[in-house]
Amino acid sequence: MERFTISLDEELAREFDALIAARGYSNRSEAVRDILRAQIEASRLSREEATHCIANLSYVYNHHERELAERVTHAQHEHHDLCVATLHAHLDHDNCMESVILRGPTASVRAFSEALIAKPGVRHGALNLVTADCRSLPHVHSHGEAAGADEEHAHPHVHYRPRS
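Nothing here was measured: the structure is a model prediction, and the numbers come from that model.

Conventions used here
One numbering rule holds for all chains: residues counted from 1, following each sequence as written. Only residues with pLDDT of at least 70 are given local features in this predicted model, and only at 80 or more are side-chain atom pairs given and counted; all residues enter the totals for whole chains, interfaces and linings. To obtain the side-chain values, all non-hydrogen atoms of the structure were included, while hydrogens and water were left out. Only DSSP runs of H or I reaching four residues or more are called helices, and only runs of E reaching two or more are called strands; each is numbered from the N terminus. Only protein chains enter the accessibility calculation, which uses a 1.4 Å probe; a residue whose area is less than 20% of its type maximum is buried, one above 50% is exposed, and one in between is partly exposed. Contact between two residues is taken to exist if any of their heavy atoms lie within 4.5 Å; hydrogens are not considered. For patch building, the residue pool is restricted to those with more than 30% relative accessible area and no salt bridge; the joining distance is 9 Å between like charges and 5 Å between nonpolar side chains (Val, Leu, Ile, Met, Phe, Trp, Tyr). Method for areas: the Shrake-Rupley scheme with a 1.4 Å probe, in which residue coverage is limited to the protein chains shown. A side-chain nitrogen of Lys or Arg and a carboxyl oxygen of Asp or Glu constitute a salt bridge if their distance falls within 4 Å. Only four residue types enter the tally: Lys and Arg on the positive side, Asp and Glu on the negative side; His and the chain ends are excluded. Think of each charge as sitting on NZ of Lys, CZ of Arg, CG of Asp or CD of Glu. Working definition: a ring pair exists when centres of Phe, Tyr or Trp rings (six-membered ring for Trp) sit within 6.5 Å. Plane angles under 30 degrees give stacked, over 60 give edge-to-face, the rest tilted. Cavity and pocket criteria rest on a 1 Å grid covering protein atoms alone: a 1.4 Å probe that fits but cannot get out defines a cavity, protein on both sides within 12 Å along at least 5 of 7 lines defines an open pocket, and an atom within 4 Å of a point defines a lining residue. Grid points are joined across faces, edges and corners, and a volume is the space filled by probe spheres set on the points. Each residue is assigned to one of three groups, with Ala, Val, Leu, Ile, Met, Phe, Trp, Tyr, Cys and Pro labelled nonpolar, Asp, Glu, Lys and Arg labelled charged, and all others, Gly among them, labelled polar. What we call a nonpolar core is a set of buried Ala, Val, Leu, Ile, Met, Phe, Trp, Tyr and Cys residues that are connected through their side-chain atoms within 4.5 Å.

*Asks:* Help me understand the overall build of the protein in this model?
*Replies:* A count of helices and strands for the protein gives 5 helices and 5 strands. For the protein, the succession of helices and strands along the chain, N to C, is α-α-β-α-β-β-α-β-α-β. Buried positions account for 24% of the 164 residues belonging to the protein. Taking the contacts inside the protein whose residues are at least 6 apart along the sequence as the reference set, 61% of them involve residues at least 24 apart.

*Asks:* Please clarify how a negative patch on the surface should be interpreted in this entry.
*Replies:* A cluster of acidic residues, Asp 9, Glu 10, Glu 11 and Glu 15, forms a negative patch at the surface. The residue Glu 15 is located in helix H1 (residues 10–23) in this model. By relative accessible area, which is 48% here, Glu 15 ends up partly exposed.

*Asks:* Please explain the packing of aromatic side chains as it appears in this structure.
*Replies:* Tallied over the entire structure, the rule returns 1 aromatic pair. Between Tyr 59 and Tyr 61 the ring centres are 6.2 Å apart and the planes differ by 35 degrees, which places this aromatic pair in the tilted class. Residue classification places Tyr 59 among the buried residues on the basis of a relative accessible area of 0%. Looking at Tyr 61, the relative accessible area reads 3%, which means it is buried.

*Asks:* I keep staring at the layout of surface pockets and nothing clicks. Help me out?
*Replies:* Over the atoms rolls a probe the size of a water molecule, and in doing so it shows where empty space is left. Volume-wise, the largest pocket comes out at about 540 Å³. Lining the largest pocket are 16 residues, and of these Phe 4, Arg 28, Ser 29, Val 32 and Arg 33 lie nearest its centre. For the lining of the largest pocket, the element with the most residues is helix H2 (residues 28–46), which contributes 7 residues. Of the residues in the lining of the largest pocket, the class split is 8 nonpolar, 3 polar and 5 charged.

*Asks:* Before we go on, may I ask you to explain the nonpolar core in this structure?
*Replies:* Buried together is how nonpolar side chains tend to be arranged in soluble globular proteins. Ranked by internal contacts, the top residues of the largest apolar core, which has 18 residues, are Leu 57, Tyr 59, Leu 102, Val 109, Phe 112 and Leu 116. Residue assignment for this core shows that the elements contributing at least two residues are strand S1 (52–62), helix H3 (68–78), strand S3 (95–105), helix H4 (106–117) and strand S4 (122–142). Looking at this core, the element that brings in the most residues is S1, giving 5 residues.

Put into structure tokens, the structure is as follows:
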């Protein structure tokens, strides 16, 4: 672990200490690490250096809106290569919130998210992207009795590892 020292004027130090206390950090180092990670992520994304990502797309919609739920579900099925999982919550009689976990090429994740958020009736859409390294690695798995006599098969798996 590398160490470095920074100097802050008293007012900035007080404000920083208030911020880290409000957010529940136990020390300044943890807060600085998170701030640096956020800035590095923002920089990668703005420079379009992030070829792959993992992401969370969340949005609210009125499920009484004509065929909206079906259109949203259809869009997710059309992009099953990006959509890992969906959490659906009923907020009240009319409104639902969904959170979709995505992974894949950053440009594709952004395009899918923007198109879904732009659907008439979808409100409060937000995308949280985390840049990731993408590796395709073969794994050998035993399928036990289901495949017959502990037969082993190699399967390619794609791994997305957050970059920071």
